[in-house]
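Summary of the model geometry
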Amino acid sequence: MKSIAIVCGGDSGEYDISVKSAAVVKRNLDPEKFQSWLITVTRKGWLATMADGSQQVVDRNDFSIVENGQKIVFDAVFNAIHGTPGENGPLSGYFELLNIPVTSSGQLTSAITFHKDFCKRIVHSFGVNVAKSVLLNKGDELDEEAIISALGLPVFVKPNNGGSSVGTTKVKHPEELKIAIDIAFREDHQVLVEAFIAGREMACGAMRANGRMIVFPITEVVSKKEFFDYEAKYTAGMADEITPADIEEEAEIAIKATAAELYHLLECKGFVRFDFILTDEELYFLEVNIVPGISEASILPQQAAFMGVSLTSLFNMALDNILTA
Ligand SMILES: Nc1ncnc2c1ncn2[C@@H]1O[C@H](COP(=O)(O)OP(=O)(O)O)[C@@H](O)[C@H]1O
Ligand SMILES: [Mg+2]
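Residues numbered from 1 in each chain as written. Chains lettered and ligands numbered in written order. Predicted model: local features only at pLDDT ≥ 70, side-chain atom pairs only at ≥ 80, totals over all residues. Heavy atoms only, no water.

1. What about the overall build of the protein chain?
Secondary structure summary: the protein chain contains ten helices and 17 strands in total. For 325 residues, the compact-globule estimate of 2.2 N^0.38 gives 20 Å, and the C-alpha radius of gyration of the protein chain, at 20 Å, lies within 12% of that figure. In terms of principal-axis extent, the alpha carbons of the protein chain reach across some 65 × 45 × 35 Å. Counting the 325 residues in the protein chain, one finds 52% classified as buried. Pairs at least 24 residues apart make up 64% of the contacts formed inside the protein chain by residues separated by at least 6 positions. A total of about 15000 Å² of accessible surface is found on the protein chain, and carbon and sulfur atoms cover 50% of it. Put simply, the protein chain has 28 plus and 45 minus side-chain charges, and the middle of one group is 4 Å from the middle of the other. (Helix = DSSP H or I, 4+ residues; strand = E, 2+ residues; numbered from the N terminus. Rg over C-alpha atoms; globule rule 2.2 N^0.38 Å. Buried < 20%, exposed > 50% of the residue type's maximum accessible area, 1.4 Å probe, protein only. Contact = heavy atoms within 4.5 Å. Areas by Shrake-Rupley, 256 points an atom, 1.4 Å probe, with all protein chains shown as cover. Lys, Arg positive; Asp, Glu negative; His and termini not counted. Charge placed at Lys NZ, Arg CZ, Asp CG, Glu CD.)

2. Comments concerning the packing of helix α1 (residues 15-28) against helix α10 (residues 311-320)
Any two packed helices are characterised by the angle at which their axes cross and by the distance between the axes. The N-to-C vectors of α1 and α10 enclose an angle of 95°; their axes lie 9 Å apart at closest approach. In terms of their interaxial angle, α1 and α10 are classed as roughly perpendicular. Two secondary-structure elements touch here, α1 through V24, V25 and N28 and α10 through L311, T312 and F315. (Axes fitted to C-alpha atoms, helices over the stretch in contact; angles between N-to-C directions. Parallel < 35°, antiparallel > 145°, perpendicular 65-115°, else oblique.)

3. Examining the packing of aromatic side chains
In the structure shown here, the tally under the stated rule is 15 aromatic pairs. Where F63 meets Y94, the ring centres are 6.1 Å apart and the plane angle is 80°; that geometry is what we call edge-to-face. Remark: Y94 occurs in helix α2 (residues 90-98) and F63 occurs in the loop between β4 (55-57) and β5 (64-67); sequence separation between them is 31 residues. Among the residues examined, Y94 registers a relative accessible area of 16% and is labelled buried. Each ring, one from F78 and one from F315, has its centre 5.3 Å from the other, and the planes form 80°; the classification is edge-to-face. On the criterion of sequence distance, the pair formed by F78 in strand β7 (residues 76-79) and F315 in helix α10 is long-range, its members being 237 residues apart. In this structure, F78 and F315 share a single accessibility class: buried. An aromatic cluster is built from W37, W46, F63, F74, Y94 and F95, whose rings are joined through pairwise contacts. For the cation-ring pair, K170 lies above F196, with the distance from its terminal atom to the ring centre recorded as 4.3 Å. (Phe/Tyr/Trp six-rings, centres within 6.5 Å; stacked < 30°, edge-to-face > 60°. Lys NZ or Arg CZ within 6 Å of the ring centre and 35° of its normal.)

4. Some thoughts on the pairing of strand β14 (residues 212-223)
Summarising the sheet, strand β13 (residues 200-209) and β14 pair through eight bridges and their orientation is antiparallel. By the bridge assignment for β14, A206 is matched with V215. By the bridge criterion, four bridges tie β14 to strand β15 (residues 239-242) in an arrangement that is antiparallel. Note on β15: the bridge partner recorded for V222 is D240. (Pairing = 2+ DSSP bridges.)

5. Observations concerning the nonpolar core
Counting 27 residues, the largest nonpolar core has I4, F78, F271, L314, F315 and L319 as its most contacted members. Where this core is concerned, the elements lending two or more residues are β1 (2-9), α1, β7, β13, β14, α9 (299-306) and α10. Mapped onto the domain boundaries, this core takes at least three residues apiece from domain 1 (2-103) and domain 2 (111-129 + 198-320). With residues near it in sequence (within four places) discarded, L314 still touches M207, F216, F271, L300, A304 and V309. Counting 26 residues, the second largest nonpolar core, distinct from the first, contains V123, V272, L278 and L283. (Core = buried A, V, L, I, M, F, W, Y, C linked by side-chain atoms within 4.5 Å. Domains from an automatic or database assignment.)

So this is what it looks like as structure tokens:
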């Protein structure tokens with residue numbers, strides 16, 4: 001029996017989603033192979049939920065807890081934190097120092113992929129299309145005209161380090177730009193203003209596990225809102241998620257090959273989800289999520305289900321991949 005810490009929570013607008021994801025992991029881990037504890041990590045403290053429902057402060061010196069007078073150190077960490085500090089590097093670095101394997105990507109990859117601007121520059125250097133953008137730092141003088149003349153309208157305004165579309169606005173009129181930027185600055189010290197890419201939104205899960213590269217079927221996301229915003233992501237019925245996407249074979253091959261190649265080039269670990277926009281002619285990389293949503297209703301689990309892979313098998317693969325016998 002292996003001891004698994006399922007870490008969740010975090011310090012971002014994705015806290016609630018993370019807690020839900022962790023509950024899904026806990027419920028679906030193979031009880032024959034794994035004993036697990038939920039560990040909620042926030043700036044206020046790191047708390048383990050014990051079998052009797054009580055909470056206990058985690059010893060951060062070695063990431064241990066004590067149960068029935070016995071010290072528990074973990075064989076592996078299942079990372080279910082979307083956003084800071086689980087998806088952007090700090091926690092990965094901490095576990096690297098302690099030599100505890102984690103299901104998600106390492107510190108470097110986490111840090112780069114969470115920084116949308118860095119990630120896009122690197123992905124672009126690999127020859128993949130990305131939307132044109134302007135990165136703003138808090139306190140920068142704002143030249144709205146220059147932004148609009150460089151990118152046109154509409155633009156997407158988003159926190160550079162964020163997720164779940166929290167703080168993201170699609171701006172169609174010049175007078176809306178400033179307020180959208182202010183909204184995004186509430187979430188982060190950097191804001192990315194991006195040219196709008198008109199096309200169909202495609203998500204593709206990928207995972208290298210136990211020496212094999214798996215690319216999941218593609219999902220087309222058709223939002224009933226203006227874009228795939230927070231409400232469309234988490235309210236049933238607000239977006240159609242079609243798996244497998246109804247697209248030409250050529251486009252399917254291009255998306256899957258790009259996902260597999262980027263997974264390798266970005267040195268990802270565990271299951272990740274790439275988001276693309278497919279225009280009439282080209283494929284654009286939007287972002288990669290190294291801790292994607294993993295509830296039953298989330299995109300990657302739907303893709304796995306289409307392949308006949310249950311959540312339990314998916315989580316098994318993620319853990320077997322990092323556990324040494
Ligand atoms: N440049 C863009 N062109 C078209 N749609 C976009 C663009 N950027 C973001 N979107 C829309 O906004 C959503 C959220 O943006 P994304 O960059 O994926 O941020 P998050 O990390 O919050 O998911 C996307 O799923 C898509 O619907
Ligand atoms: Mg996204």
